[in-house]
Amino acid sequence: MYMTCIDCAKRWDLYKVRIRCTCGGLLQIEQNWKELDADLLKRLFQARLMERMTPYASGVWRYKELIHPELPAEAIVTRYEGNTGLYEVDAAAKFAGIRRVLLKAQSENPSGSFKDNGMTAAVSHGRALGMQRFACSSTGNTSSSLAMYAAWCGEESYVFVPEEGVADGKVLQTLAYGGKLVRFPGTYDDGLRFLEEHADEFGLYVCNSVNPLRIEGQKSIVFEIAHQLQWSMPDWIVLPGGALSNASALGKGLQELRSIGLIENVPRVAIVQAEGASPFHRMVEAKEPTLTPEPHPSTRASALNIGSPPSWRKALQTLEYTNGVTVAVSDEQIFAAKELIDRSGIGCEPASAATVAGLKRLVAEQVIDKDETAVCILTGHLLKDADALTAYAGKRPEPMEHRMWERMMDMASNKRLAALRRE
Ligand SMILES: Cc1ncc(COP(=O)(O)O)c(C=O)c1O
Ligand SMILES: N[C@@H](CCOP(=O)(O)O)C(=O)O
């Protein structure tokens, strides 16, 4: 491959930095098509396209035999969710004080959060049962995901979202997909209670993580991690804990992978809660037999504003099976970790950053050894919570963009002056 000038046809080396030709013309890329065989290309492109056009291209349904073997393939409602990156990030390892950290970017899902892994399974199953009205209570990500899948399969979604404390971007995303928004005074917990009591009366199919199909779909996150790591697991998997769906799903997934014989070593699971919404951590720490709900959950990681996690019993089983731990971190620790993750080029919403913050704390407390490897699950996209980004703005001493422009203009004109003097 090479570049040629569209005006004077001069040829340029592609591997030298150049935008325009010396004559001022724009450059274009050329390659020698004669070396390519059209029939071979057709077959190659067709194979790639077909891969993309079946439900098995989804990072959830690739593992259908372990998720919902009985569901007919034509009943699958998919947006090719999953298939998310697993990135080794040295800066995160340095930040946490551990040898190796991999970040699993569930934020790369079609609606921008890990909820899609579970929602595709719940909506597909609900539709196969003949349901046409889908519902959830949500702090914004579940609602976005449900509204997206409902729109995609032409059904209705009713989403119950607390009046306060939910990121605007998530509400707008839900509305944009056509979700019918029900705002109410109270928390996610109140909305879920309402749905569990009244969904039948309204003919609604509940797609919160109390629905076991959500958990089945979300197991695929750990299947994909295992697959990406050639079925050899890390020492630790670190998750943020809110409703505790991921903790439940990943624990179940690990147990199944192990009993089928797809993996040999079971990683330990660390569940990280925000201090202002940490009823599960408090229960585990105090060795209480049951969970005491937090009536006023409060954290700036708004996705974690959950005081009564419905899946706490399942999450406890995960801790038992994996010899796992829990920890709570402050909002300041969450935002420090978020800044690091954002600067790494991956980015996440605050709730996801609780993982790296929790990892740092667990390494400092010597619960996790500095020579171990951890996978942290980044649950939601950086743009999900634009308000959280303003947290950086306050830290900047003055807008540096303008100073930089002025300095560069200055340097450029000094150079021009010097060139004029030489002439
Ligand atoms: C971005 C994000 N991270 C983490 C969580 C907490 O996950 P879980 O409910 O599975 O504990 C949620 C919602 O619950 C979320 O939206
Ligand atoms: N953060 C979640 C709240 C938990 O929802 P669920 O889907 O696990 O019931 C959200 O985005 O709503």
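Residues numbered from 1 in each chain as written. Chains lettered and ligands numbered in written order. Predicted model: local features only at pLDDT ≥ 70, side-chain atom pairs only at ≥ 80, totals over all residues. Heavy atoms only, no water.

The name given to the protein in an unreviewed UniProt entry is Threonine synthase, and the organism recorded there is Paenibacillus allorhizosphaerae. Recorded under Cofactor (unreviewed entry), the UniProt text for the protein is reproduced unchanged: "pyridoxal 5'-phosphate". Recorded in UniProt for the protein, the comment headed Function (unreviewed entry) runs: "Catalyzes the gamma-elimination of phosphate from L-phosphohomoserine and the beta-addition of water to produce L-threonine." (UniProt positions renumbered as here; feature names shortened; annotations may be inferred.)

Q: I'd like a description of the site of ligand 2, backed by residues and values.
A: Around ligand 2, the structure places 14 residues, and the nearest of them are Ser138, Thr139, Thr142, Tyr188 and Ser209. Split by residue class, the shell around ligand 2 holds four nonpolar, eight polar and two charged. (Near = heavy atom within 4 Å. Nonpolar A, V, L, I, M, F, W, Y, C, P; charged D, E, K, R; others polar.)

Q: An account of the packing of aromatic side chains is needed here, citing residue identities and associated values.
A: Across all of its chains, the model carries four aromatic pairs by this definition. Taking the centre distance of 6.3 Å and the plane angle of 35 degrees together, the rings of Phe194 and Phe202 count as tilted. An aromatic cluster of at least three residues, connected via ring pairs, comprises Phe160, Phe194 and Phe202. Over the face of the ring belonging to Trp12 we find Arg18, whose NZ or CZ atom lies 4.1 Å from the ring centre. In this structure, Arg300 is placed above the aromatic ring of Phe335, and the distance from its NZ or CZ to the ring centre is 4.2 Å. (Phe/Tyr/Trp six-rings, centres within 6.5 Å; stacked < 30°, edge-to-face > 60°. Lys NZ or Arg CZ within 6 Å of the ring centre and 35° of its normal.)

Q: Just give me the short version of the nonpolar core, but keep the residues and values in it.
A: In terms of nonpolar packing, the biggest core is built from 38 residues, with Val222, Met233, Leu250, Ile271, Phe280 and Ile377 touching the most fellow members. Within the residue set of this core, elements represented by two or more residues are α9 (220-228), β10 (236-240), α10 (245-260), β11 (268-274), α11 (279-285), α12 (312-322) and β13 (373-378). Not counting residues within four places of it along the chain, the set of residues in contact with Met233 comprises Val222, Ile225, Ala226, Leu254, Ile263, Asn265 and Pro267. With 37 residues, the next largest nonpolar core counts Ala270, Val325, Cys376 and Ala388 among its residues. (Core = buried A, V, L, I, M, F, W, Y, C linked by side-chain atoms within 4.5 Å. Buried < 20%, exposed > 50% of the residue type's maximum accessible area, 1.4 Å probe, protein only. Helix = DSSP H or I, 4+ residues; strand = E, 2+ residues; numbered from the N terminus. Contact = heavy atoms within 4.5 Å.)

Q: So what's going on with the site of ligand 1? Which residues, and what values?
A: Taken together, 17 residues form the shell around ligand 1, and within it Asn141, Gly242, Leu244, Ser245 and Thr379 come nearest. Ser245 places a side-chain nitrogen or oxygen 2.6 Å from an oxygen atom of ligand 1. Within the shell around ligand 1, the residues separate by chemical class into eight nonpolar, seven polar and two charged. (Polar contact = N/O pair within 3.5 Å; in protein donor to acceptor, adjacent residues only side chain to side chain.)

Q: Go over the pattern of salt bridges with me, naming the residues and quoting the values.
A: Within the structure shown, the criterion is met by 17 salt bridges. Measuring nitrogen to oxygen at the nearest pair gives 3.7 Å for the salt bridge that ties Glu275 to Arg361. Within this pair, whereas Glu275 is found in the loop between β11 and α11, its partner Arg361 is found in helix α14 (residues 350-364), the two being separated by 86 residues in sequence. Among the residues examined, Glu275 registers a relative accessible area of 45% and is labelled partly exposed. Through salt bridges with shared partners, a single network forms among Glu216, Lys219, Lys252 and Glu256. (Salt bridge = Lys/Arg side-chain N within 4 Å of Asp/Glu carboxyl O.)

Q: Tell me about the side chain of Thr379, and name the residues and values.
A: By secondary structure assignment, the location of Thr379 is in the loop between β13 and α15 (386-393). A distance of 2.8 Å separates polar atoms of two side chains, one belonging to Thr379 and the other to Ser352. Setting aside residues no more than four positions away along its own chain, Thr379 makes contact with Gln106, Ser107, Gly112, Ser113, Phe114, Pro240, Asn246, Ala351 and Ser352.

Q: Quick rundown of the pairing of β10? Include the residues and the values.
A: Most of β10 is tucked away, with five of its five residues classed as buried. Across the two faces of β10 the burial is the same, with Trp236, Val238 and Pro240 and Ile237 and Leu239 all buried. Two strands pair when backbone bridges link them, and β10 and β11 are joined in this way by five bridges, in the parallel orientation. Pairing of Trp236 across the sheet is with Arg268, part of β11. (Pairing = 2+ DSSP bridges.)

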